[in-house]
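Residues per chain, in single letters:
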Amino acid sequence: MHEYPITQQIIKIAEKHCLLAQSGSVKKISLVVGDCSGLVGDSIDMYFRAISEGSLCEGAMLEIERIEPKLRCPSCGALFKRKPMSFACPECEADGQPTEIGKEFYIKEIEVE
């Protein structure tokens, strides 16, 4: 449910960008959403379709780029996706440590017409 107010803010930011560019409407919004950001891309998309009606974002394409979380090996420095039931680095078998990769959430691009 916390995607609703976040989606409202995305629309406000896009509309402001559109007005500053003196454009007629928003054509596309590109988001980056990490799988561990606590946000669900499908929910953002659903809310966007519903609350963008009547705004400068109505009919805009919402593109969501997912980022999968990765661990970093403290021994060899490799970045890797965790396999189920394991933290082992595929290069050297040391246990990987959490990183910030996969926690991203930001507007990557706004296209206006």
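1. What about the pairing of strand β2 (residues 61-67)?
- Relative to β2, strand β1 (residues 26-34) runs parallel, the two sharing 7 bridges. Each bridged residue has a counterpart across the sheet, and for I29 the counterpart in β2 is L62.
- Crossover β1 to β2 through helix α2 (residues 41-51) is right-handed.

2. Looking at the pattern of salt bridges
- All told, the structure shown has 8 salt bridges when counted by the stated rule.
- The partner of K27 in a salt bridge is E113, with the nearest N and O atoms 3.5 Å apart. Linking K27 in strand β1 with E113 in the segment after β6 (105-112), this pair joins segments that are 86 residues apart in sequence.
- For K27, a relative accessible area of 39% puts it in the partly exposed group.
- The salt bridge involving K81 is made with E68; its shortest N-O contact spans 3.0 Å. Remark: E68 occurs in the loop between β2 and β3 (71-72) and K81 occurs in the loop between β4 (79-80) and β5 (97-98); sequence separation between them is 13 residues.
- Each member of the salt-bridge network shares a partner with another, and the members are K28, E63 and E111.

3. Examining the sheet that holds β2
- Taken in spatial order, the 3 strands line up as β2-β1-β6 in an open sheet, and their pairing is mixed. In this open sheet, the two strands that pair with only one neighbour each are β2 and β6. Averaged over all pairs of adjacent strands, the angle between strand axes in this sheet comes to 15°, irrespective of strand direction.
- Contacts from helix α1 (residues 3-20) reach β1 and β6 within the one sheet, and its direction differs from that of β6 by about 40°.
- Strand contacts of α2: β1, β2 and β6, with the helix running at about 170° to β2, the strand carrying the most contacts.

4. A closer look at α1
- With 18 residues, α1 extends 26 Å from end C-alpha to end C-alpha; this agrees with the ideal 26 Å at 1.5 Å per step.
- For α1, the secondary structure elements touched by its buried residues are β1, α2 and β6.
- Positive phi appears at Q22, one or two residues downstream of α1, with a value of about 55°.

5. Quick notes on the nonpolar core
- Membership of the largest hydrophobic core comes to 15 residues, with the highest contact counts inside it found for V26, I29, L31, I44, F48 and C57.
- At the level of secondary structure, the elements contributing two or more residues to this core comprise α1, β1 and α2.
- Leave out the neighbours within four places in its chain, and C57 touches I11, A14, E15, V26, I29, F48 and S52.
- Grouped together as the second largest cluster of nonpolar side chains are 6 residues, L71, C73, A78 and F80 included.

How each quantity is defined
Residues numbered from 1 in each chain as written. Predicted model: local features only at pLDDT ≥ 70, side-chain atom pairs only at ≥ 80, totals over all residues. Heavy atoms only, no water. Pairing = 2+ DSSP bridges. Helix = DSSP H or I, 4+ residues; strand = E, 2+ residues; numbered from the N terminus. Right-handed = clockwise from strand over helix to strand, strands pointing away. Salt bridge = Lys/Arg side-chain N within 4 Å of Asp/Glu carboxyl O. Buried < 20%, exposed > 50% of the residue type's maximum accessible area, 1.4 Å probe, protein only. Axes fitted to C-alpha atoms, helices over the stretch in contact; angles between N-to-C directions. Contact = heavy atoms within 4.5 Å. Expected span 1.5 Å × (residues − 1). Core = buried A, V, L, I, M, F, W, Y, C linked by side-chain atoms within 4.5 Å.

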